[in-house]
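# Results of the structural survey
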Amino acid sequence: MCGIIGILGNTPAVPRMMEALKRLEYRGYDSAGVATVEDGTLGRRRAPGKLANLEATLKADPLGGMAGIGHTRWATHGSPTEANAHPHMTGRVAIVHNGIIENFRPLKDELLKAGVTFEGETDTEVVARLLTRYLDEGLAPRDAFHKTLSRLEGAFALCVLIAGEDDLMFGAREGSPLVVGLGDGENYLGSDAMALAGLSSKLIYLEEGDWAELSRESVQVYDAAGAPVKRPVTLSQVAATMVDKGNYRHFMQKEIFEQPTVVAQTLGRYLDPNSGTVTLPDMPFDLAGVNKVTLVACGTSYYAALVARYWIEKIARVPVEVDIASEFRYRAPVYQKDGLAIFISQSGETADTLAALRHAKAAGQHIAVLVNVMGSTMAREADVALPIYAGPEVGVASTKAFTCQLAVLAAFAIKLGAAHGLVDAAQEAAYIAELEQTPKLMAQVLHADGKMADIARQIAPARDILFVGRGIQFPIAMEGALKLKEISYIHAEGYAAGELKHGPIALIDETVPVIGLAPNDGLIDKTMSNLQEIMARGGRVVLISDNAEDEEGLLDRFPMPSAGELVAPILYAIPVQLLAYYTAVEKGTDVDQPRNLAKSVTVE
Ligand code: M6R
């Protein structure tokens, strides 16, 4: 969602901030702006829409200064207009803000009564006016900022410049991440490590309630009470080159094609083919005692959880419950003593998933997370974090994070099975040998991408598309539908193939293509019967399968290599990703930043 950059530097801030804002585009945004302080005077430029609009504004009306703050805004309250774009300014302060100030109405009423005037309706302006008031009352900047923070309720990250202070910047974190970057005679603030890639690799992740005072030569972090605190400096794993499309046309395409490499890396961290064992990070609880697993996530991560349910129940015979994070807290979930709740989140910041995590933690569950960002809030609040090692994922449509999540979940299911005495050494080694085939088979699937480009051309004119699969392919069907609707804007749904005849088959005619996922497993005959039912009603079926038999009447087929049940869902994720990608390209949509979507969804 919204992105923040703050630079206290020694060269003009605007070009560097624009680079950082480009790196933050992946989060999704609909307006952007920058402010600087130069010779004590604040200046600001903002524009609705893409960064190109802000660039044009800056070209027409340049902004100097070596200290600046910048923002990409994903509208929550208020439309994406220039007036609502950040930074918000008074004569004395400029502020960028991620998140929501929940008590902004009473604060605004208080300020209005005191004679303060407002330009707009946003909660951010209230923060700017409140800080200005405290400065006007004669408080020193540090005290004024701390007093302002003490009045705010909600989830927010803030970055602030003050007029007359060319060597001062404040940042604060409460519920929304903020990172300090340490430089050589320069210091920075960013909403994530990606914002700071290329500026600094030495990062301080602010903790909940922390705020920071930066000059070019120093950084002091304070806790919510205002006491100076020391937070660890971590080395960023995100290099500026990782945030580069290379020779690919889109980040999503690059990330799809990276999958054999990153999945191999992930498997390499969790599997030891020599000893034939799975290694997980140290668990601060006994896996053998885990009698129930609750999996909670959103979107694509939720579909990874649904796949994991099949594996965990089959391999470890432990009951599994799977929930969409935004619903989890609202149905009074029944926890069991010694239950393990696993939260799956690429970003580690998704607000719904984080809220669900806190709910389960308060109920005394063991908490594990699968995240791609180890400095994320979820990683820090969990009892144990299982990194997925996918590397930065920039495309809003999640691809490599999904297959890396599956790789880790497969390893986890095996380990849980071993801990419960249901997977002996020979079986564990056999599972590992099966999983070790994954990268090679993924590369084989990717090699046929031209075929999927052909299929995409055939289905691109459709208004509605169904994806069907049975068993462990049912979640992949839903994932395929989500990918397609996200980036091509074609309405798509994923169904259990056997469920179609209970209603959705009424939709079938020659205008609704159906994508059938049918690996040659124990369910193929049933899946093929369901596909026949569709074709008998004039439906046009694209078959994705390793079944070599020639089916009559298909619209097309995409051949797959054969694989076992641990590898098949990982493999079948690729053709549905490719189909979504090539269909979006065919339709000319914005593949990496689809409309209305944000990469990291930090509001509930
Ligand atoms: O960062 P998370 O894994 O928690 O994100 C969850 C969803 O927002 C995310 O998977 C979303 O559905 C993607 N855009 C799917 O491509």
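Preceding this paragraph is the structure being described.
What comes next is a walk through the structure.

## Some thoughts on the overall build of the protein
Each helix and strand in the protein was counted, giving 19 helices and 27 strands. For the protein, the C-alpha radius of gyration of 26 Å lies close to 25 Å, the compact-globule estimate for 604 residues. Principal-axis analysis of the C-alpha atoms gives the protein an extent of 80 × 55 × 45 Å. Among the 604 residues that make up the protein, the fraction classed as buried is 60%. Considering only contacts in the protein between residues 6 or more positions apart, those separated by 24 or more positions represent 70%. When the accessible surface of the protein is split by element, carbon and sulfur atoms take 50% of a total near 22600 Å². One finds the centroid of the 55 positive side-chain charges in the protein at a distance of 2 Å from the centroid of its 75 negative side-chain charges.

## Regarding the site of the ligand
Near the ligand lie 14 residues; those nearest to it are Ser301, Ser345, Gln346, Thr350 and Glu486. Take Val396: an N or O atom from its main chain is 3.1 Å from a nitrogen atom of the ligand. In the complex, 91% of the free accessible area of the ligand, which totals 410 Å², lies under the protein chains. At the level of secondary structure, the elements contributing two or more residues to the shell around the ligand comprise α9 (299-316) and α17 (473-488). In terms of residue class, the shell around the ligand is made up of four nonpolar, eight polar and two charged. Here the shell around the ligand gathers at least three residues from each of two domains, domain 2 (245-436) and domain 3 (447-604).

## Examining the packing of aromatic side chains
Summed over the entire model, instances satisfying the criterion amount to nine aromatic pairs. Judged by centre distance (5.6 Å) and plane angle (55 degrees), the rings of Tyr302 and Tyr303 are tilted. Comparing Tyr302 with Tyr303 shows no difference in burial state: the two are buried. These aromatic residues form a ring-pair network of at least three members: Phe145, Phe170, Trp211 and Tyr222. Directly above the ring of Phe118 sits Arg129, whose terminal nitrogen or CZ lies 5.9 Å from the centroid. The lysine or arginine in question, Arg595, covers the ring of Tyr489, its NZ or CZ lying 3.8 Å from the ring centre.

## Description of the nonpolar core
Among the nonpolar cores identified, the biggest contains 101 residues, and Leu295, Trp311, Ile312 and Phe467 are the most heavily contacted of them. Both domain 2 (245-436) and domain 3 (447-604) contribute no fewer than three residues apiece to this core. If near-sequence neighbours (up to four positions away) are discounted, Ile312 is found in contact with Val293, Leu295, Arg317, Val318, Val320, Phe412, Ala413 and Leu416. If you look at the next biggest cluster of nonpolar residues, it comprises 31 residues, including Val34, Leu196, Leu203 and Phe251.

## As for unusual backbone geometry
Between His86 and the following residue, Pro87, the backbone shows a cis peptide bond with an omega angle of 0 degrees. Position of Pro87 among the secondary structure elements: in the loop between β4 (67-73) and β5 (88-89). Not every positive phi belongs to a glycine, and Asp39 is a case in point at roughly 50 degrees. Position of Asp39 relative to the elements: it lies in the loop between β2 (31-38) and β3 (41-48). Phi is positive for Arg317, which is not a glycine, with a value near 55 degrees. On the secondary structure map, Arg317 appears in the loop between α9 and β19 (320-324). Arg317 gets classed as exposed once you look at its relative accessible area, which sits at 61%.

## Let's talk about helix α1 (residues 13-23)
Count 3.6 residues to each turn of an α-helix, and residues three or four apart come out pointing the same way. Burial in α1 covers these residues: Ala13, Val14, Met17, Met18, Ala20, Leu21 and Arg23. Residues of α1 that are buried make contact with β1 (3-8), β2, α2 (51-60), β4 and α6 (193-196).

## So, the sheet that holds strand β6 (residues 93-101)
Across the sheet, which stays open at both edges, the seven strands sit in the order β5-β6-β7-β8-β12-β13-β14 with antiparallel pairing between neighbours. Bordering the open sheet on either side are β5 and β14 (228-229), each of which pairs with just one other strand. Helix α4 (residues 123-136) contacts β5, β6 and β7 (154-162) of the sheet and is inclined by roughly 135 degrees relative to β6. Strands β7, β8 (169-174), β12 (211-214) and β13 (219-222) of the sheet are contacted by helix α5 (residues 141-151), whose axis makes an angle of about 20 degrees with β8.

## Some thoughts on the pattern of salt bridges
Enumeration over the complete set of coordinates arrives at 30 salt bridges. When the shortest N-O distance is used, the salt bridge between Arg358 and Glu381 registers 2.6 Å. Highlighted residues: Arg358 in helix α11 (residues 351-362) and Glu381 in helix α12 (residues 377-381), separated in sequence by 23 residues. Arg358 sits in the partly exposed class, given a relative accessible area of 36%. For Glu381, a relative accessible area of 16% gives the class buried. Taken together, the shared-partner salt bridges in this structure form one network comprising Glu110, Arg133, Glu137 and Arg151.

## Re the pairing of β19
Bridge count between strand β18 (residues 292-297) and β19: five bridges; the pairing is parallel. Within β19, the position partnered with Ala297 by the bridge is Ile324. The parallel pair β18 and β19, bridged by α9, forms a crossover whose chirality is right-handed.

Rules used throughout
Residues numbered from 1 in each chain as written. Predicted model: local features only at pLDDT ≥ 70, side-chain atom pairs only at ≥ 80, totals over all residues. Heavy atoms only, no water. Helix = DSSP H or I, 4+ residues; strand = E, 2+ residues; numbered from the N terminus. Rg over C-alpha atoms; globule rule 2.2 N^0.38 Å. Buried < 20%, exposed > 50% of the residue type's maximum accessible area, 1.4 Å probe, protein only. Contact = heavy atoms within 4.5 Å. Areas by Shrake-Rupley, 256 points an atom, 1.4 Å probe, with all protein chains shown as cover. Lys, Arg positive; Asp, Glu negative; His and termini not counted. Charge placed at Lys NZ, Arg CZ, Asp CG, Glu CD. Near = heavy atom within 4 Å. Polar contact = N/O pair within 3.5 Å; in protein donor to acceptor, adjacent residues only side chain to side chain. Nonpolar A, V, L, I, M, F, W, Y, C, P; charged D, E, K, R; others polar. Domains from an automatic or database assignment. Phe/Tyr/Trp six-rings, centres within 6.5 Å; stacked < 30°, edge-to-face > 60°. Lys NZ or Arg CZ within 6 Å of the ring centre and 35° of its normal. Core = buried A, V, L, I, M, F, W, Y, C linked by side-chain atoms within 4.5 Å. Pairing = 2+ DSSP bridges. Axes fitted to C-alpha atoms, helices over the stretch in contact; angles between N-to-C directions. Salt bridge = Lys/Arg side-chain N within 4 Å of Asp/Glu carboxyl O. Right-handed = clockwise from strand over helix to strand, strands pointing away.

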